[in-house]
Amino acid sequence: MSNCVAAMREWVSAVIVKYNFCPFARKEVESQRIHYHPSDAVSVDEAVLDTLEQCRVLDNDSDIETTLVIFAKGFNDFDDFLELIDLANALLVAQGFEGTYQLAHFHPHYVFADAEPEDAANYTNRAPYPALHIIREHSMEQALAQYDDPESIPENNIRLARRKGSRFWQQLLQHCTNATDK
């Protein structure tokens with residue numbers, strides 16, 4: 001297992017599941033249905049093609065619930081990553097994946113459009129590496145239908161992130177980044 005995969009696995013466990021940022025993640029972690037795909041892509045075109053290929057993998061493997069495409073070599077600049085997100089979303093539509101998959105995104109320097117860079121709320125989308133999360137829309141719809149007040153999830157996450165503070169999350173993210181194969 002590569003270091004980027006180990007770091008992202010640790011992040012999913014130590015942040016996303018432990019602090020319940022995604023109330024649906026624990027089930028997939030425990031059933032080992034998350035695929036961690038380390039991508040060698042350094043250009044937007046390569047990254048989008050790799051992401052589309054992972055959609056095809058999901059099409060052909062129902063044992064995988066969701067995929068994190070991890071960019072360990074590229075997209076350290078957050079603005080470059082935003083360009084990747086825009087093109088990847090457009091090509092999902094163009095390739096006929098709209099309504100089948102949606103993308104969530106994470107980055108070590110993630111900043112929400114209406115937030116200051118030092119706002120602890122940004123840590124709800126900060127990860128050890130830039131990553132695109134391919135989510136099966138049908139599964140997400142089913143999970144949301146069974147969850148009381150799904151609209152409160154982002155608000156609760158932001159409240160928790162701010163209560164814990166940036167320093168706490170920064171240290172936790174650093175711990176995940178330093179994770180090695182176990």
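Residues numbered from 1 in each chain as written. Predicted model: local features only at pLDDT ≥ 70, side-chain atom pairs only at ≥ 80, totals over all residues. Heavy atoms only, no water.

Trainee: Which parts of the structure should I look at to understand the packing of helix H3 (residues 44-60) against helix H4 (residues 78-94)?
Mentor: When two helices pack together, their arrangement is given by the angle between the helix axes and by the axis-to-axis distance. Orientation of H3 relative to H4, taken along the N-to-C sense of each, is 45°, at an axis distance of 10 Å. When the axis of H3 is compared with that of H4, the two are oblique. Handedness of the H3/H4 crossing: right-handed. Of the residues in H4, those in contact with Val44, Asp45, Ala47, Val48, Leu52 and Cys55 of H3 are Glu83, Leu84, Leu87, Ala88, Leu91 and Leu92. A per-class count over the contact of H3 with H4 returns 10 nonpolar, no polar and 2 charged. (Axes fitted to C-alpha atoms, helices over the stretch in contact; angles between N-to-C directions. Helix = DSSP H or I, 4+ residues; strand = E, 2+ residues; numbered from the N terminus. Parallel < 35°, antiparallel > 145°, perpendicular 65-115°, else oblique. Left-handed = near helix turned anticlockwise from the far one by under 90°. Contact = heavy atoms within 4.5 Å. Nonpolar A, V, L, I, M, F, W, Y, C, P; charged D, E, K, R; others polar.)

Trainee: I'm lost on the pairing of strand S2 (residues 66-71) in this one. Help?
Mentor: Taken residue by residue, a regular strand's side chains alternate between the two faces of the sheet. The element S2 is largely enclosed, with a buried count of 6 among its 6 residues. A two-sided burial pattern is seen for S2, the buried positions comprising Thr66, Leu68 and Ile70 on one face and Thr67, Val69 and Phe71 on the other. Sheet analysis places strand S1 (residues 34-39) next to S2, joined by 6 bridges and oriented parallel. Opposite His35, over in S2, you have Thr67 as the bridge partner. Taken together, S1, H3 and S2 constitute a β-α-β crossover, and its handedness is right-handed. Both S2 and strand S4 (residues 131-136) contribute to a ladder of 5 bridges, which runs antiparallel. Within S4, the position partnered with Thr67 by the bridge is Ile134. (Buried < 20%, exposed > 50% of the residue type's maximum accessible area, 1.4 Å probe, protein only. Pairing = 2+ DSSP bridges. Right-handed = clockwise from strand over helix to strand, strands pointing away.)

Trainee: How should I be thinking about unusual backbone geometry in this particular structure?
Mentor: A negative phi holds for most residues other than glycine; trans holds for most peptide bonds. Residues other than glycine seldom take positive phi values, yet Asn20 does so here, at roughly 55°. Within the secondary structure, Asn20 is located in the loop between helix H1 (3-17) and helix H2 (25-30). You will see that Phe75, though not glycine, has its phi angle at about 70°, which is positive. Take Phe75: it is sitting in the loop between S2 and H4.

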